[in-house]
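# An overview of the molecular structure
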Amino acid sequence: MSKQTVAPSGPAEIVVDGVTHTYTPARGRPVKALESISLKVQQGEFLALLGPSGCGKSTLLYLMGGFLPVEQGTITVDGRPVVGPGPDRGIVFQHFALYPWKTVRQNILYGLEKQRLARAEREARADRFIRMVHLSGFDDSYPSQLSGGMKQRVALARTLAMDPAILLMDEPFGALDAQTRSLMQEELLAILANTPKTVVFVTHDVQEALLMADRIAVMSARPGRIKQIVEVDDMGRGSERMRAPTFAAQVERLWGLVRDEALRAQGTEMSGPAEP
Amino acid sequence: MGVINRYFPLVLLVGAWEAASRTGLVDPSVLPSFSSVAIALWHMLIDPDLYHNAAASMVRLIGGLGLAVPVGVALGIGMARSNAVRTIINPLVQAIYPMPKSALIPVMIMWLGLGQAAKIALIFLGCLLPIVLSAYNAARGVDLVLIWSAQNAGASRGELLREIILPAAMPEILAGIRTALALSFVLLVSAEFLMARDGLGYMIAFLGEGGVYNSMFAAVIIVTALGFFADRLYLAFMRRVLVWRE
Amino acid sequence: MAASKTTIWARLLHAVSSVASLVVALLAWEILARAHVVSAFLLPRLSDVLVRIFTDSLSGQLFVDTGLTVWRSLAGFAFAGVFGVLIGLMLTRNWLVRWFFDPILSVGLPAPKIAFLPVFILWFGLFDTAKILMAGFAAIFPVIAASAAGAAGVDKFLVWSARSAGASERQVLGEIILPAALPEILTALQVALPICLIVTIVSEMTMGGDGLGASMLNAARFADSVGVFSGIVEVAITGIVLIKLLELVRRRLLRWHQETQ
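Just so you know, these numbers come straight off a predicted model, no measurement behind them. (Residues numbered from 1 in each chain as written. Chains lettered and ligands numbered in written order. Predicted model: local features only at pLDDT ≥ 70, side-chain atom pairs only at ≥ 80, totals over all residues.)

Glancing now at the overall build of chain C. A tally of helices and strands in chain C yields 10 helices and zero strands. Along chain C, from the amino end to the carboxyl end, the secondary structure elements read α-α-α-α-α-α-α-α-α-α. A compact globule built from 261 residues would reach a C-alpha radius of gyration of about 18 Å, whereas chain C, at 23 Å, exceeds it by more than 25%. Across its three principal axes, chain C shows a C-alpha extent of roughly 75 × 70 × 30 Å. A burial count over chain C gives 37% of its 261 residues as buried. When contacts within chain C are restricted to residue pairs at least 6 apart in sequence, long-range pairs at least 24 apart make up 72% of them. (Helix = DSSP H or I, 4+ residues; strand = E, 2+ residues; numbered from the N terminus. Rg over C-alpha atoms; globule rule 2.2 N^0.38 Å. Buried ≥ 20, exposed ≤ 12 C-beta atoms within 10 Å, placed from the backbone. Contact = placed C-beta atoms within 7 Å.)

Structure follows, in structure tokens:
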């Protein structure tokens, strides 16, 4: 896959048109992961991909990221088709994906070295982002010495330091305990308030989607389709949304949309006869 | 001081050995007393002859292993990253894998005679396979998300190989090299029994044939100690390189 | 049905490609040898080698040699296996045994045990006993280490369940710990077998007499390159057969384990 380079110039829009994705596991028949996905992620918006396990939401994210080839349909970023991974679409993984042999600082510097930035600029950026995620003093620590929350903050800093126009996040707080998760959600929103980006955020947590997103794309069980796109009422940012009067009702409504799909996904997972 | 406690049973063993010899429990022509072996050992250590032989042995070992490591790692990673390489090399690896490498000794004698090249070639070929296999498994097992993160950052194919795959595979590769190190000692000694006119293995065989048993036992002790300390040194080196592990 | 047809072709192609380079290598061997690109002394023809193997099997020499080598290797393997597992398990149960064997293992594992061959020759002469004990001695160290590690790694809750059910110390060892540690022990045995084969061959080469190693070395001494190469092929095949047999045993013994599912 070739490199995709783009001049960082503010958030970009992503257009997904008629994307279908099938994969063939090592043993067995081909599985259709996504079916005719079409959606548009607007510049600067925070879009959550919400759905049950196995619905293909991560697959869609990886297609946007250029890690999987688009075989049917098209995905374009600011009009240009996606042909491979690149620093314009920064990705953050659920299990951090930190390079264990590099220190915190070296992890963050890596993407900057790839972009061939001048030494002074690289170091300055690394400093800034380490500070931004509140990890000053841990520059020379190795990932094995950090807690889960700290590792995720390094992962976030590493991706943000590349100044991508788009942020692709694959259940980034899923591996953290509930308290750390809440804190990280706040931190992410604070960072985005300062440097707006287009964000595609995969989650299976209804409440998390409502706390973070502008719009939520609800996906069906496999093969994943866009069941409905929900506009989130204007309720302020982050945890203050929880205090909004309509919050509970929205959670209820959203969960209603997801619940059937979740049940359906569970049924296919266990692949036994349906209970009477 | 934990070291003394750890190795104390060896002292007991030596004590039992000496006691058995002194009380006539063992025939001294079959098992010389530890004291006579110790004296022979001392004489050996102050004799430059030992160091000539040791040097000859080490040249072979380091030559063979030193070649096997880069070639093996390159082949193993190449197999993991390139389907073409794997299709070509894999059947050959599968065919050679179950063959005991010591069976190559007669071939080496025929092809390369009794010179240095023969022994280095033997050690090289013998150690190649474990290194190829561990490099292959290690490179295959690199976490996909690490590769994707690097690609996300814009790494080229070459950069991916050098900066991500190689470091990520390093723990397992170093473990494979540790195995190869032990194997290289075995091949070295075997080769020196059969196709050498100097070296530590040759020394042991020569002393045995000459009936100088206390020196023979001393030489065996020296070789055993060498293998042990080489391994310890390598472990320390490994720990240094892999300092990022918990 | 159409789907399974394509996969048959795919599987055929896969099977062919997996041996393709080997076949090519063998063909190249025959062609190079015939073309006298390299002297017949260095690289005898594959066909000559195969003929030699055939004639050796007719005369029975092949079976004598192979049989002896296999017998010695397996005897040493049995020695290493039985005593190695016993000692390894004892290490986890008895702190004294552990304290005593720990430095012996620590020094013994990385050391080239083959260096002791002249010692075994001195003690047991130039016959089978020396070869078998040498192989056993060389292979026992990894078996002890892996058995101890496997037994130590057994989930303590399994042991507690058995104890609360009233199992004695010996029963726990034999009925709980041994099966639970079996995968790791079998892995060590799979390492021990090639060790026994390698060491036996070197012993045979050093001591002379008969056996695959001895006949190969003899062939080298008499510049009988066909003999040397046929020896290599015979040894390789012996190795493959023994390893495959052990793999089958492993699969049978570990039927219950998820790795076989």
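Below, the discussion takes up the domain arrangement of chain A. All names here are of chain A. Split into domains, chain A comes out as domain 1 (12–88 + 166–173 + 195–213 + 220–267) and domain 2 (95–163). For domain 1 versus domain 2, the distance between C-alpha centres works out to 27 Å. Opposite the four residues of domain 1 that make contact, domain 2 presents five residues. Grouping the constituent residues of the side of domain 1 that touches domain 2 by class yields four nonpolar, no polar and no charged. (Domains from an automatic or database assignment. Nonpolar A, V, L, I, M, F, W, Y, C, P; charged D, E, K, R; others polar.)

Contact with chain A, which involves 21 residues of that partner, is made by 14 residues of chain B. If you list the elements that add at least two residues to the side of chain A that touches chain B, you get β6 (89–92) and α2 (104–114) of chain A. In terms of residues, the side of chain A that touches chain B owes the most to one element, α2(A), which gives three residues. In terms of residue class, the side of chain A that touches chain B is built from 12 nonpolar, seven polar and two charged.

Quick look at the pairing of strand β8 (residues 198–203) of chain A now. Across a regular strand the side chains alternate sides, sitting on one face of the sheet and then on the other. Residues and elements named next belong to chain A. Burial analysis of β8 places six of its six residues in the buried class, which makes it a mostly covered element. With five bridges joining them, strand β3 (residues 46–50) and β8 adopt parallel strand pairing. Counted as the bridge partner of F46 is V199 from β8. Inspection of the sheet shows strand β7 (residues 166–170) paired to β8 by five bridges, in the parallel sense. Note on β8: the bridge partner recorded for L168 is V200. Handedness of the β-α-β unit built from β7, helix α5 (residues 178–194) and β8 comes out right-handed. (Pairing = 2+ DSSP bridges. Right-handed = clockwise from strand over helix to strand, strands pointing away.)

With that settled, consider the domain arrangement of chain C. All names here are of chain C. When the domains of chain C are assigned, the result is domain 1 (1–43) and domain 2 (45–253). Averaged C-alpha coordinates put domain 1 and domain 2 at centres separated by 32 Å. For the side of domain 1 that touches domain 2, the residue count by class is five nonpolar, no polar and two charged.

As a further point, take the sheet that holds β3(A). Residue and element names in this part refer to chain A. Ordered in space as β6-β7-β8-β3-β9-β10, the six strands form an open sheet in which the pairing is mixed. Both outer strands of the open sheet, β6 and β10 (226–231), are each paired with one neighbouring strand and no more. This sheet shows a mean twist of 15° between the axes of neighbouring strands, independent of strand direction. On the sheet, helix α4 (residues 148–161) packs against β6 and β7 and is oriented at approximately 175° with respect to β6. (Axes fitted to C-alpha atoms, helices over the stretch in contact; angles between N-to-C directions.)

As a further point, take the packing of α2(A) against α4(A). All names here are of chain A. The geometry of α2 relative to α4 is characterised by a closest axis approach of 8 Å and an angle of 25° between their N-to-C directions. Overall, the two elements α2 and α4 adopt an arrangement that is roughly parallel. Relative to α4, α2 is oriented so that their crossing is right-handed. Contacts between α2 and α4 involve V104, N107, I108, G111 and L112 from the former and V154, A157, R158 and A161 from the latter. Grouping the amino acids of the contact of α2 with α4 by side-chain chemistry returns six nonpolar, two polar and one charged. (Parallel < 35°, antiparallel > 145°, perpendicular 65-115°, else oblique. Left-handed = near helix turned anticlockwise from the far one by under 90°.)

The end-to-end C-alpha distance of helix α10 (residues 225–253) of chain C is 42 Å, a good match for the 42 Å that 29 residues give at a rise of 1.5 Å each. Where α10(C) is concerned, the buried positions are C:S225, C:G227, C:V228, C:F229, C:S230, C:G231, C:E234, C:V235, C:T238 and C:G239. For α10(C), the secondary structure elements touched by its buried residues are α5 (105–112) of chain B together with α2 (46–59), α3 (61–93), α8 (169–207) and α9 (212–221) of chain C. (Expected span 1.5 Å × (residues − 1).)

Each partner contributes to the interface: chain B provides 42 residues, whereas chain C provides 47 residues. At the level of elements, α1 (2–22), α4 (83–96), α5, α8 (157–194), α9 (200–209) and α10 (213–241) of chain B are the ones that each hand at least two residues to the side of chain B that touches chain C. For the side of chain B that touches chain C, the leading source of residues is α10(B), giving eight residues. Of the residues in the side of chain B that touches chain C, the class split is 31 nonpolar, eight polar and three charged.

Moving on to the arrangement of the chains. Across the two pairs of chains in contact, the largest number of contacts is found between chains B and C. Nothing in chain A touches chain C; the tightest C-alpha to C-alpha distance between them is still 9 Å.

Let us look at the confidence of the model for chain C. For chain C, the mean per-residue pLDDT works out to 87, and 96% of the residues sit at or above 70. Reported confidences for the modelled complex are a pTM of 0.80 and an ipTM of 0.89. (pLDDT = per-residue confidence, 0-100.)

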